[in-house]
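Structure assessment
Read off the chains here:
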Amino acid sequence: MAELSDVFFVDGMRTPFGRAGEKGMYWNTRADDLAVKATIGVMERNPGVPADRIDDVAVAATSQTGDQGLTLGRTVGLLAGLPQSVPGLAIDRMCAGAMTSVALMSASIGTGMYDFALAGGVEHMGHHPIGANADPNPRFVAEKLVDPAALNMGVTAERIHDRFPHLTKERADRFGMLSQHKAQAAYDAGRFQPDLVSVATRDASGAWGLATEDEGRRPGTTMEDLAGLKTPFRPHGRVTAGTSSPLTDGATMSLLAGGSAVKEFSLAPKMRMVSFAFAGVAPEIMGIGPIPSTEKALRKAGLSIGDIGLFELNEAFAIQVISLLDHFGIADDDPRVNQWGGAIALGHPLAASGVRLMIQLAAQFAERPDVRYGLTAMCVGLGQGGSVIWENPNYDGKKKK
C-alpha cells in the first residue's frame, strides 16, 4: 500500500527568455524544442536519477496548438530522449501552467503514487500570441458572467489602480525600475547563469547564434524614462510597458521527488514543498488572485505571512505585486521580495513562469540558511491566483547577522 510522502524540488533549469516576435531570438525556434532543452538540461545535471524511474512528465502551455500542442509532456519526453516507458501530459492554467504542473505532480508524489516527476512549462508568445485562435463562449458576455475587458490583462491591471487609489503610478514605476536594476545586479553577480540552458538560435539570414541570457532586460531604466511612457490600456491610465511583463518566449523544467526516492538515490534536494493552493477572484480584476491563494496556502501550512523569509512573486504587472504586498503589510521595496528582480525585467512566458519563480527561490535558499520558508505566487488570467510555500533544507535556525 502506498504511503504519504514528503515532496522535494530536487532541481530546476530553464532556457534564457527571449523577446516574442520576429526580432526575438527564438523566432525561428520551435516551442517544443525549448521545452526539450530545459528537460535535457535538468536531467543531465542530475545523472544519479535513472531516466526510466521518471513516473510522469507534465508540461504546460496556454495556447496548446501548433509547435506547442500534441500532448507536450509526452512529445517533449520522447524528444528529450527519455525512455518510451515514461508517460506525459499537457496542462493549461494560463500563467500558472508550470506551477500547476508542479502542484499536480507533487500531489501524485505526496500520495505515494509517484517517486519522480518532471514538471514545467513553455510559451512561445511570438508564435502563439495570448488569446490567438481562442473562441470565448458568447454566454460570457450575453449573460454578463464575465466583463469583456477581463480578457485584456492590461485593463485588469488598471482596475487594481482604480480599486486601490493609494497604489499610485509612481509606486508602480519605482517597482518596475527596481526590478530592472535588481535583475542586472543578479546577472553581474552570476546568480542566474548556473540555471540557464544555452539554446542554439538561427536568424532570418540563416546565421546561427547561442542564447545564453534573458533578452529583454533594460538595466538603464530610470523613473524619468517610465514617467514618459504611453498608457496603452487606457487613455491617461497608469499601466505602461515599463510596469508590465513583456511578451516572451521560453521554457522551464523541474525535477521533483518523494522522500523515499531522495533517500534511495542519496539526492540533495533544493526545497521541500510545504503547501500549495489556488483560488478564484473576479476575472475583471484578476491580479489580486494571489492574495486569497496565499492566505489559503498559509492556512494549510499552519503558517503566517510573518514566517515567510523570501518571496518570489510573478511580476505580470507591478501593480499586481504591490497589491499583494500592501494587503499583507509588506513594503514595496522589502528586501525579501524578488531580490533578483522579476518578470518585468526577465520576461513572462506565461505557462513557463511558475517554475522560474521556484528556480530563483531555490538558488536564494542555498545562500540563505537563516531563512526557513519561502513563497512563490502568481496571478492567473480569468481571475485566479496560485501560491506554493517551500521549506529551505539548508535552514540552520540562525538569524542573519
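The rules behind each value
- Residues numbered from 1 in each chain as written.
- Predicted model: local features only at pLDDT ≥ 70, side-chain atom pairs only at ≥ 80, totals over all residues.
- Heavy atoms only, no water.
- Helix = DSSP H or I, 4+ residues; strand = E, 2+ residues; numbered from the N terminus.
- Areas by Shrake-Rupley, 256 points an atom, 1.4 Å probe, with all protein chains shown as cover.
- Lys, Arg positive; Asp, Glu negative; His and termini not counted.
- Charge placed at Lys NZ, Arg CZ, Asp CG, Glu CD.
- UniProt positions renumbered as here; feature names shortened; annotations may be inferred.
- Buried < 20%, exposed > 50% of the residue type's maximum accessible area, 1.4 Å probe, protein only.
- Salt bridge = Lys/Arg side-chain N within 4 Å of Asp/Glu carboxyl O.
- Phe/Tyr/Trp six-rings, centres within 6.5 Å; stacked < 30°, edge-to-face > 60°.

1. Here we look at the overall build of the protein
- On a plain count of helices and strands, the protein comes out with 12 helices and 12 strands.
- Taking the principal axes of its C-alpha atoms as reference, the protein extends roughly 60 × 55 × 50 Å.
- Of the roughly 16400 Å² of accessible surface on the protein, a fraction of 53% belongs to carbon and sulfur atoms.
- With 38 positive and 44 negative side-chain charges, the protein shows a spacing of 4 Å between the two charge centroids.

2. Some thoughts on the UniProt feature "domain: Thiolase C-terminal" (unreviewed entry) in the protein
- Residues given the UniProt feature "domain: Thiolase C-terminal" (unreviewed entry) here are residues 269-391.
- End C-alpha atoms of residues 269-391 are separated by 11 Å, and the span's content is 33% helix alongside 26% strand.

3. Describing unusual backbone geometry
- We note that Thr71 has phi near 45°; this positive angle belongs to a residue other than glycine.
- One can find Thr71 in the loop between strand E3 (54-60) and helix H2 (72-79).
- You will see that Lys144, though not glycine, has its phi angle at about 55°, which is positive.
- Lys144 gets classed as exposed once you look at its relative accessible area, which sits at 75%.

4. As for the pattern of salt bridges
- For the structure on display, the rule yields 22 salt bridges.
- In this structure, Arg372 and Glu391 form a salt bridge, with 2.8 Å as the shortest nitrogen-oxygen distance. Placement of Arg372 in the loop between helix H12 (353-367) and strand E11 (373-380) and of Glu391 in strand E12 (residues 384-391) is noted, with a sequence separation of 19 residues between them.

5. With respect to the UniProt feature "domain: Thiolase N-terminal" (unreviewed entry) in the protein
- According to UniProt, the feature "domain: Thiolase N-terminal" (unreviewed entry) maps to residues 7-257 in the numbering used here.
- Across residues 7-257 one finds 30% helix and 19% strand; the C-alpha atoms that close the span lie 6 Å apart.

6. Digging into the packing of aromatic side chains
- By the definition in use, this model includes 6 aromatic pairs.
- Where Phe9 meets Trp390, the ring centres are 5.8 Å apart and the plane angle is 75°; that geometry is what we call edge-to-face. Of this pair, Phe9 sits in strand E1 (residues 7-14) while Trp390 sits in strand E12, placing them 381 residues apart in sequence. Trp390 matches Phe9 in its accessibility class, with the two residues each being buried.
- Note on Phe116 and Phe265: the rings are 5.7 Å apart at their centroids and 55° apart in plane angle, and the pair reads as tilted. Residue Phe116 is located in strand E5 (residues 116-124), and its partner Phe265 is located in the loop between helix H8 (259-264) and strand E9 (271-280); the two are separated by 149 residues in the primary sequence.
- Following the ring pairs from residue to residue traces out a cluster consisting of Tyr187, Phe192 and Trp340.

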